[in-house]
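Take a look at the letters that make up each chain.
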Amino acid sequence: MAGIKALVGLSFSGAIGLTFLLLGCALEQYGVYWPLFVLIFYVLSPIPTFISRRLSDSTESSSACRELAYFITTGIVVSAFGLPIILARKSTIQWGACGLVMTGNAVIFLTILGFFVVFGSGDDFSWEQW
């Protein structure tokens, strides 16, 4: 039952993060949908970790494959935070929209981290069984 509660909590926090992202795009005073390109980073961020957990041996505490995946994931996350700042500096979006998108980024990436913490342990309720 604890796994179901975690899944519901993660889905709720994901919805909150996407709400912040959409508010940064769709509010009348902002009205520009360029920040939606961070959705690409949301999709790309867990892929290196999925691949590294599939390829590396789980008994090792650290491996070059996992470290490379963490490095690539960090680059993707930093890029997701950098894109709204660059768009705001070039006056493509307003700074208020940038703040909402950055808040949504933080919530979504914490949700993705929570997913790996809750379901990444390899026990009976793991994402690897899906």
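Residues numbered from 1 in each chain as written. Predicted model: local features only at pLDDT ≥ 70, side-chain atom pairs only at ≥ 80, totals over all residues. Heavy atoms only, no water.

- Going by the annotation in an unreviewed UniProt entry, the name recorded for the protein is Leptin receptor gene-related protein, with Oryzias latipes given as the source organism.
- Per UniProt, the protein carries the Sequence similarities (unreviewed entry) text "Belongs to the OB-RGRP/VPS55 family." (UniProt positions renumbered as here; feature names shortened; annotations may be inferred.)

1. Quick word on the side chain of threonine 111
Step number 1: Inspection of the secondary structure puts threonine 111 in helix α5 (residues 95-119).
Step number 2: Using a relative accessible area of 12% as the deciding quantity, one classes threonine 111 as buried.
Step number 3: Excluding residues within four positions of it along the chain, threonine 111 makes contact with Leu10, Ser13 and Gly14. (Helix = DSSP H or I, 4+ residues; strand = E, 2+ residues; numbered from the N terminus. Buried < 20%, exposed > 50% of the residue type's maximum accessible area, 1.4 Å probe, protein only. Contact = heavy atoms within 4.5 Å.)

2. Examining the packing of aromatic side chains
Describing an aromatic ring pair means giving the distance of the ring centres and the angle of the ring planes.
Step number 1: If you walk through the whole model with that rule in mind, you get six aromatic pairs.
Step number 2: With a centroid separation of 5.6 Å and an interplanar angle of 25°, the aromatic rings of tryptophan 34 and phenylalanine 37 are classed as stacked.
Step number 3: What makes tryptophan 34 partly exposed here is its relative accessible area of 45%.
Step number 4: Taking 6.0 Å as the distance between ring centres and 40° as the angle between the ring planes, the aromatic pair formed by phenylalanine 81 and phenylalanine 109 counts as tilted. With a gap of 28 residues between them, phenylalanine 81 in helix α4 (residues 64-89) and phenylalanine 109 in helix α5 connect regions that are remote in the sequence.
Step number 5: Given a relative accessible area of 24%, phenylalanine 81 falls into the partly exposed group.
Step number 6: Overall, the relative accessible area of 10% leaves phenylalanine 109 in the buried class. (Phe/Tyr/Trp six-rings, centres within 6.5 Å; stacked < 30°, edge-to-face > 60°.)

3. A closer look at a nonpolar patch on the surface
Step number 1: On the surface, Trp34, Phe37, Ile40, Val43, Leu44, Ile47, Ile51 and Leu55 cluster together to form a nonpolar patch covering roughly 780 Å² of accessible area.
Step number 2: Relative to the assigned elements, leucine 44 resides in helix α2 (residues 38-44).
Step number 3: Judged by its relative accessible area of 38%, leucine 44 is partly exposed. (Patch = residues over 30% accessible without salt bridge, like charges linked within 9 Å, V, L, I, M, F, W, Y side chains within 5 Å. Areas by Shrake-Rupley, 256 points an atom, 1.4 Å probe, with all protein chains shown as cover. Salt bridge = Lys/Arg side-chain N within 4 Å of Asp/Glu carboxyl O.)

4. What about the packing of helix α3 (residues 47-55) against α4?
Step number 1: Running from amino to carboxyl end, α3 crosses α4 at an angle of 175°, the nearest separation of the two axes being 8 Å. Regarding the angle of α3 to α4, the classification is roughly antiparallel. Between α3 and α4, the residues in contact are Pro48, Thr49, Ser52 and Leu55 and Cys65, Arg66, Ala69, Ile72, Thr73 and Ile76, respectively.
Step number 2: Looking at the contact of α3 with α4 residue by residue, the class counts come to six nonpolar, three polar and one charged. (Axes fitted to C-alpha atoms, helices over the stretch in contact; angles between N-to-C directions. Parallel < 35°, antiparallel > 145°, perpendicular 65-115°, else oblique. Nonpolar A, V, L, I, M, F, W, Y, C, P; charged D, E, K, R; others polar.)

5. Digging into the side chain of asparagine 105
Step number 1: Mapping asparagine 105 onto the fold places it in helix α5.
Step number 2: A distance of 2.5 Å separates the side chain of asparagine 105 from the side chain of tyrosine 42, its partner in a polar contact.
Step number 3: If we skip the residues at most four places from it in the chain, asparagine 105 touches Val38, Tyr42, Ala80, Phe81 and Pro84. (Polar contact = N/O pair within 3.5 Å; in protein donor to acceptor, adjacent residues only side chain to side chain.)

6. Examining the nonpolar core
Step number 1: Among the nonpolar cores identified, the biggest contains 14 residues, and Leu21, Val38, Phe41, Tyr42, Phe109, Ile112 and Phe115 are the most heavily contacted of them.
Step number 2: Within the residue set of this core, elements represented by two or more residues are α1 (2-26), α2, α4 and α5.
Step number 3: The element that contributes the greatest number of residues to this core is α5, accounting for seven residues.
Step number 4: Other than its neighbours up to four places away in sequence, valine 38 contacts Leu21, Ala80, Leu83, Pro84, Val101 and Asn105.
Step number 5: One finds Tyr30, Ala88, Cys98 and Leu100 within the second-largest nonpolar core, a separate group that totals seven residues. (Core = buried A, V, L, I, M, F, W, Y, C linked by side-chain atoms within 4.5 Å.)

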